[in-house]
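Next come the chains, spelled out residue by residue.
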Amino acid sequence: MTVPDVLGLWDRSVREHADGPALVTPHRVLSYRDADRLTDAWAAFLAERGAGPGELVGLAFGDPARTVLGMLAALKSGAGFTVLDDRLPEAARTALVARTAAAVWLGDGGHAPEGAHVPAEPHREGSGDPEDAPPPPRPGRAGGSDVAYVLFTSGSTGRPKGTVVERDALGRFAAAVANRLGLTRDDRWLQVASLGFDVLIEEVFPAFAAGAAVVCREDTRALDAEELHVTLARTRTTVVELSTQYWLEYARWLEASGTSTPESLRTVVVGGERMDPVPYRRWQARQPAGLAHVYGLTECTVSSTFYTGLLPADAEEVPLGTPLQDVAIGIRHDGVPVPDGETGEIHIGGPLLARGFLDDEAATASRFVPDPYADTPGARVYRTGDLGRIDADGQLVFLGRVDDQVKIRGHRLEPARVERALCEAAGVGQAVVFPDPETGTVLWAFTVPEDPAAAPLPGEAVRLTGPDRDALLAPLEAQLPDWAVPRVLHRVSVLPKNPHGKVDKRRLAAWAAAGARPPAPAPAPGHPGTAGGSSGDPALDGVLALFREVLDAPALGPDDDFFDHGGQSLLALRLLARLRESRPDAAGLRASALFTARTPRRFAELLAGRAAARA
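Residues numbered from 1 in each chain as written. Predicted model: local features only at pLDDT ≥ 70, side-chain atom pairs only at ≥ 80, totals over all residues. Heavy atoms only, no water.

Caption draft 1: Structural view of the sheet that holds strand β1 (residues 21-24). The 9 strands are arranged β2-β1-β9-β8-β10-β11-β12-β13-β14 in an open sheet whose pairing can be described as mixed. Two strands in the sheet have a free side with no partner beyond their single neighbour: β2 (29-31) and β14 (322-323). Taken strand by strand, helix α5 (residues 167-181) contacts β8 (188-190), β11 (267-271), β12 (290-296), β13 (303-307) and β14, and its axis lies near 5 degrees from that of β13. (Pairing = 2+ DSSP bridges. Helix = DSSP H or I, 4+ residues; strand = E, 2+ residues; numbered from the N terminus. Contact = heavy atoms within 4.5 Å. Axes fitted to C-alpha atoms, helices over the stretch in contact; angles between N-to-C directions.)

Caption draft 2: Molecular detail of the packing of helix α3 (residues 64-76) against helix α6 (residues 199-209). Direction vectors running N to C along α3 and α6 enclose 65 degrees, while the axes themselves pass 11 Å from each other. Considering their axes alone, α3 and α6 lie roughly perpendicular with respect to each other. Crossing of α3 over α6 shows right-handed handedness. Only Leu200, Ile201, Val204, Phe205 and Phe208 of α6 make contact with α3, whose side of the interface consists of Thr67, Val68, Met71 and Leu75. (Parallel < 35°, antiparallel > 145°, perpendicular 65-115°, else oblique. Left-handed = near helix turned anticlockwise from the far one by under 90°.)

Caption draft 3: Expanded view of the nonpolar core. Counting 82 residues, the largest nonpolar core has Met71, Phe81, Tyr149, Ile201 and Phe205 as the members making the most contacts within it. Leaving out residues up to four positions away in the same chain, Phe81 has contacts with Leu56, Val57, Leu59, Met71, Ala74, Leu75, Ala148, Tyr149, Val150, Ile201 and Phe205. By size, the runner-up hydrophobic cluster in this structure holds 54 residues, among which are Val24, Val240, Trp283 and Tyr307. (Core = buried A, V, L, I, M, F, W, Y, C linked by side-chain atoms within 4.5 Å. Buried < 20%, exposed > 50% of the residue type's maximum accessible area, 1.4 Å probe, protein only.)

Caption draft 4: Quick peek at the pattern of salt bridges. With the rule as written, the count across this model stands at 21 salt bridges. Ionic pairing is found between Asp19 and Arg33, a salt bridge with its closest N-O pair at 2.3 Å. Of this pair, Asp19 sits in the loop between α1 (6-16) and β1 while Arg33 sits in helix α2 (residues 32-48); the two residues are 14 residues apart in sequence, bridging distant segments of the chain. Here Glu48 and Arg49 are joined by a salt bridge, their closest N and O atoms 3.3 Å apart. The class of Glu48 is exposed, set by a relative accessible area of 63%. The class of Arg49 is partly exposed, set by a relative accessible area of 34%. (Salt bridge = Lys/Arg side-chain N within 4 Å of Asp/Glu carboxyl O.)

Caption draft 5: Representation of unusual backbone geometry in the model. Residue Thr301 is not a glycine yet carries a positive backbone phi of 65 degrees. Structurally, Thr301 can be placed in the loop between β12 and β13. Non-glycine residue Asp359 carries a positive phi angle of around 55 degrees. Position of Asp359 among the secondary structure elements: in the loop between β18 (356-357) and α10 (361-367).

Caption draft 6: Broad picture of the pairing of strand β17 (residues 344-349). Across the 6 residues that make up β17, a large majority, 6, are buried. Pairing of strand β15 (residues 328-333) with β17, which is carried by 5 bridges, proceeds in the antiparallel orientation. Paired with Arg332 across the bridge in β17 is Glu345. In this sheet, strand β20 (residues 380-390) lies alongside β17 in antiparallel orientation, the contact comprising 5 bridges. Note that in β20 the partner of Gly349 across the bridge is Val381.

Caption draft 7: Representation of the sheet that holds strand β25 (residues 443-449). The strand order β24-β25-β27-β26 describes an open sheet built from 4 strands, whose pairing is mixed. What marks the edges here is a single partner per strand, and that holds for β24 (428-435) and β26 (462-463). Taken together, the 7 bridges between β24 and β25 define a ladder with antiparallel strand orientation. Among the inter-strand pairings, Val428 is bridged to a residue of β25, identified as Pro449.

Caption draft 8: Just α3, in detail. An ideal rise of 1.5 Å per residue puts 18 Å on 13 residues; α3 measures up with 19 Å between its terminal C-alpha atoms. Taken across its 13 residues, α3 has 13 buried, putting it largely inside the fold. In this structure Asp63 caps α3, since a side-chain oxygen of it lies 3.0 Å from the backbone nitrogen of Ala65. Gly78 lies just past α3 and shows a positive phi near 95 degrees. (Expected span 1.5 Å × (residues − 1). Polar contact = N/O pair within 3.5 Å; in protein donor to acceptor, adjacent residues only side chain to side chain.)

Caption draft 9: Region of the structure containing the environment of His333. Its place among the elements puts His333 in strand β15. C-alpha separation for the pair His333 and Gly344, spaced 11 residues apart in sequence, amounts to 5.0 Å.

Caption draft 10: Region of interest: the side chain of Glu241. Within the secondary structure layout, Glu241 lies in strand β10 (residues 239-243). Setting aside its immediate chain neighbours within four residues, Glu241 contacts Trp189, Val192, Val199, Glu202, Glu203, Val269, Val294 and Ser303.

Caption draft 11: Spotlight on the confidence of the model for the protein chain. Taken as a whole, the protein chain shows an average pLDDT of 87; of its residues, 88% reach a score of 70 or greater. Considering only residues more than four positions removed or in separate chains, one finds that residues 122-132, a stretch of pLDDT under 50, has 20 contacts. Scored below 50 in pLDDT, residues 517-531 shows 22 contacts in the model against residues more than four places distant or in partner chains. (pLDDT = per-residue confidence, 0-100.)

Caption draft 12: Geometry of the environment of Phe205. Within the element layout of this structure, Phe205 appears in helix α6. The spatial distance from the C-alpha of Phe205 to the C-alpha of Ala175 is 8.4 Å, given a sequence separation of 30 residues. Filtering out sequence-adjacent residues up to four positions away, Phe205 remains in contact with Val6, Met71, Leu75, Phe81, Leu170 and Ala174.

Caption draft 13: Spatial organisation of the packing of aromatic side chains. Counting across every chain of the model gives 16 aromatic pairs. On the basis of an interplanar angle of 45 degrees and a centroid distance of 5.0 Å, the ring pair of Trp10 and Tyr32 is categorised as tilted. Taken together, the positions of Trp10 in helix α1 and Tyr32 in helix α2 put the pair 22 residues apart, joining distant regions of the chain. By relative accessible area, which is 2% here, Trp10 ends up buried. Here Phe434 and Phe446 contribute two aromatic rings whose centre-to-centre distance is 5.6 Å and whose plane-to-plane angle is 5 degrees, an arrangement assigned as stacked. Of this pair, Phe434 sits in strand β24 while Phe446 is found in strand β25, placing the two residues 12 residues apart along the sequence. (Phe/Tyr/Trp six-rings, centres within 6.5 Å; stacked < 30°, edge-to-face > 60°.)

Next up, the structure:
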């Protein structure tokens, strides 16, 4: 079988769809012909400065479209690319720039390293060279085993790991995803992932392989649910990929506003963490856009499996799906394959595996191990650390992490089993289960209600007693052995995450401990911190009311910090959406404003300044 070369896929799209849109931005549309000639020129510019096979080109743009063009130009020069995330702190950026040792940097963002080059402006549609002008020769001819890109993921020790993906893997991946999703030249894939995150690869190269268009926003700032919806409709997007939590926020907004997905949107790709079946079924019953549930890791070239089916009514989990072409999925226990239906560690093999970790042979050898069960001599397999099984329909099902397995009174338990049972109870949206941190002999459960109005204050864990506790325990006691039933239950407003994106069990335990202490004295009546208290300033009171509503914090005061009281990025998006509904001076304001105006008082002052400037 012929291995698809990533640039060969691009060249085919240029030949077959030369006048079709390749890159769509708020200000211009670049056809495949125009984008091809522009990136040829950029590639020559890069080659003159040392880019070539085995080297890296660093990209540090605030403009997603230029990032996409830079990735393509780097590959044309024969080099690979790396993308510097503009959200990283300065020290982390400096460390990554040093580790990549890129031959040349392109960039114009404030996070660009010193000495980064600013390339020429993209040609506007129709302003390219004459059609009969021969393209410049490509400066570098790289092989399939040369590096395509290096992207960084959080390491278990806190030091990010640079994953090295080769050109062969990228080309195979692009062709496989385009085929699985049935992409055509009529598709438009909206780029929404953070630059530097591997989902960017999935948003770009499968679309180019199919002759489809990549739709880029003006900048990298996050869109709230309403902005996302408007952008999808305005750009006639057909495919978009969202993280699980972002998708849940969009689904919540659609339901609250009584709105359906735009007519043009046909597929929403969702992944990143465990998906609860309830919202998945609800979307499939109400929304015209289909869902594709994906699973994968940076070390295996983004996504490895896709599930696009209609979820059965009796399904306890949303499957991760079946493997892409050129991906081999195996379930193993202590490295030995187990029969379908049995639980084990998910192993991923095949030619889409990364080369390994940048300048880290020990970590590479630990995770990328020889595969004695493969038909190909010298084959490797990646140990994911994820637990799963293959169900009766041949679908991969996620069951948690290998290190999430717990031992209770001599019995091994997968907490996901108990968490699924808790989520089946009426009114429970999310749940996490783990042994108590003191003795490890009793299971604790923390649940998040489906209805935010039923949730406690952020940072508070309410111990369930009486009928509330009994209602949750009764079905568990009917399904599970005694040792597997949690005996200490709390209700919280959110499951907090640690820097690695996992549920922060230590913080939950701290919330529970704080709840066991006597409460602090309540503020005096009429104090602005009192639930419903007034500051005496109507404009401030309006902002304060929305802060309280979104954070579900009735006692929040005018000078209380949004993020100190449970605020996070998705709640920030929700707050901005609510503000725009009621305040004309909030039009066009983005959630990033909350990072500088973090209290209701400061945010009200920001809005007042905007109103005065427009007067």
